[in-house]
Amino acid sequence: RSSGAMSALRSRTPSPRGWELEAPTDLGALEMPDSEHPTPLRTQSFERSAYVSRAKPCPLRDTLVLLIQNTFDCGHYEVDAASSIECVRVLLASLEQEQTNFGVPKACRGYRVSFTQNYLNLFPCLEARNYRPEILQAAQQGHRGMPLNGTFEPLSEHTVLAGFHLADVWDRCVTQLMRETHLAPLMDALACLDAAWAGYEQRYLTDLIGIETKVRTRLLTVAFAFDDFCIADCMRDTTPDQRVAHLTRAMDLLSELNSLANERGKGRSDLSQQVVLRAQEVV
């Protein structure tokens, strides 16, 4: 036997599994025992780092994981009463910053230039990600439309499907952030999340703008009808019948609008031009 192996023996009496070995200080000096007494070379006293490569921590996820744990209940990554809008807003701001720091690909936000001013105010920088928790909340809750003026104004089917897709991608991305330790898969997951987010944001807000335009058109119709009445009332050649006709049309439109003044559609619709005419007589 070699001198290196002999120095590791504690006794010459073979154990049931062969010669017992002490953990050597010099791995290179240890030679294999002969086939007569096969003995495993690895013992519990060996350092684990000698044959196991440890995964390095990923700097992209360190801050995000802590924020996720503080924002959501374990395994439930939904924007609800348990996770306030403001907490989610902080998380999304950090998520956006980390994506920028690590150069995660960003989907185009050029569609925002077509938004109305009210929605443009939500995005100070049009090309920035500007993740808003209300968008994520709408996707997770599966919004299909909204009750408005006594009727249900639906979102398009493409918008609803895009919301389901964003909610699913969000869950998978956050789960991967909590488990994954390598940078490349995390960057791919965040790029997919950004693309899904931009797709839903564009469709969802465009639908909302369309609904608001429809409502605004109804309001403008009533306003224009009263403008016509005021103009006719001021003109000297307007006959009494014409004046009453303009007033009747304006009041009918106003009555219809008033009947839709709440989501249950229970507003009064019995407003009559006679009320206005009597009031003018009193004045």
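What you see is a predicted model; the values in this text were computed from it and never measured. (Residues numbered from 1 in each chain as written. Predicted model: local features only at pLDDT ≥ 70, side-chain atom pairs only at ≥ 80, totals over all residues. Heavy atoms only, no water.)

Q: Can you help me understand the packing of aromatic side chains in this one?
A: What describes a pair of aromatic rings is the distance from one ring centre to the other and the angle between the planes of the rings. By the definition in use, this model includes 5 aromatic pairs. Considering the side-chain rings of Tyr111 and Phe115, the 5.9 Å spacing of their centres and the 55° angle between planes classify their relative orientation as tilted. The exposure class of Phe115 is buried, given its relative accessible area of 6%. Geometrically, the ring pair formed by Phe115 and Tyr119 is edge-to-face, given 6.5 Å between the ring centres and 65° between the ring planes. Looking at Tyr119, the relative accessible area reads 10%, which means it is buried. Ring-pair connections join several aromatic residues into one group, and the members of that group are Tyr111, Phe115, Tyr119 and Phe123. Between Arg112 and the ring centre of Phe123, over which it is positioned, the NZ or CZ distance is 4.1 Å. (Phe/Tyr/Trp six-rings, centres within 6.5 Å; stacked < 30°, edge-to-face > 60°. Buried < 20%, exposed > 50% of the residue type's maximum accessible area, 1.4 Å probe, protein only. Lys NZ or Arg CZ within 6 Å of the ring centre and 35° of its normal.)

Q: Explain the side chain of Glu201 here, please?
A: Mapped onto the elements, Glu201 comes out in helix H7 (residues 183-234). Overall, Glu201 belongs to the buried group, its relative accessible area being 0%. If near-sequence neighbours (up to four positions away) are discounted, Glu201 is found in contact with Arg109, Tyr111, Arg112, Phe115, Phe123, Arg129, Asn130 and Ile135. (Helix = DSSP H or I, 4+ residues; strand = E, 2+ residues; numbered from the N terminus. Contact = heavy atoms within 4.5 Å.)

Q: Looking at this structure, how should I read the environment of Gly103?
A: Secondary-structure assignment places Gly103 in the loop between helix H3 (85-101) and helix H4 (117-120). Gly103 sits in the partly exposed class, given a relative accessible area of 49%. For the pair Gly103 and Ala191, spaced 88 residues apart in sequence, the C-alpha to C-alpha distance is 9.9 Å.

Q: Hey, could you run me through unusual backbone geometry in this one?
A: With the exception of glycine, most residues fall at negative phi, and the peptide bonds are largely trans. Backbone geometry places Asn130, a non-glycine residue, at a positive phi of 50°. Summarising the element assignment, Asn130 is placed in the loop between H4 and helix H5 (133-140). The buried category is assigned to Asn130, whose relative accessible area is 19%.

Q: So what exactly am I meant to see when it comes to the side chain of Arg129 here?
A: Assignment of secondary structure puts Arg129 in the loop between H4 and H5. Each residue touching Arg129, except ones within four places of it in the same chain, is listed here: Glu96, Gln99, Thr100, Val104, Pro105, Lys106, Arg109, Arg112, Asp194 and Glu201.

Q: Would you mind going over helix H6 (residues 157-179) with me for this structure?
A: Working note: α-helix, 3.6 residues per turn, so residues spaced by three or four point in the same direction. Taking 1.5 Å per residue, 23 residues should reach 33 Å; H6 reaches 34 Å between its end C-alpha atoms and fits that length. Burial in H6 covers these residues: Thr159, Val160, Ala162, Gly163, Leu166, Ala167, Val169, Trp170, Cys173, Val174 and Leu177. (Expected span 1.5 Å × (residues − 1).)

Q: Where do I start with the pattern of salt bridges in this structure?
A: Side-chain pairing between opposite charges can occur once the charged atoms of the two side chains come close. If you walk through the whole model with that rule in mind, you get 9 salt bridges. For the salt bridge of Glu153 with Lys214, the shortest nitrogen-to-oxygen distance reads 3.3 Å. Placement of the pair is Glu153 in strand E2 (residues 151-154) and Lys214 in helix H7, with a sequence separation of 61 residues. We classify Glu153 as buried; its relative accessible area is 11%. Take Lys214: its relative accessible area is 48%, and that puts it in the partly exposed class. For the salt bridge of Asp168 with Arg172, the shortest nitrogen-to-oxygen distance reads 3.0 Å. Of the two residues, Asp168 and Arg172 both sit in helix H6, 4 residues apart, roughly one turn of that helix. Judged by its relative accessible area of 39%, Asp168 is partly exposed. Residues joined in a network through salt bridges with shared partners are Glu86, Arg89, Arg132 and Glu134. (Salt bridge = Lys/Arg side-chain N within 4 Å of Asp/Glu carboxyl O.)

Q: Looking at this structure, I do not really get the nonpolar core. What am I missing?
A: One recurring pattern in soluble globular proteins: nonpolar side chains tend to sit buried together. One finds Leu95, Leu166, Trp170, Leu193, Tyr200, Tyr204 and Leu205 to be the most contacted residues of the largest nonpolar core, which totals 43 residues. If you list the elements that add at least two residues to this core, you get helix H2 (59-71), H3, H5, H6 and H7. Leaving out residues up to four positions away in the same chain, Leu95 has contacts with Leu64, Tyr131, Trp170, Leu190 and Leu193. (Core = buried A, V, L, I, M, F, W, Y, C linked by side-chain atoms within 4.5 Å.)

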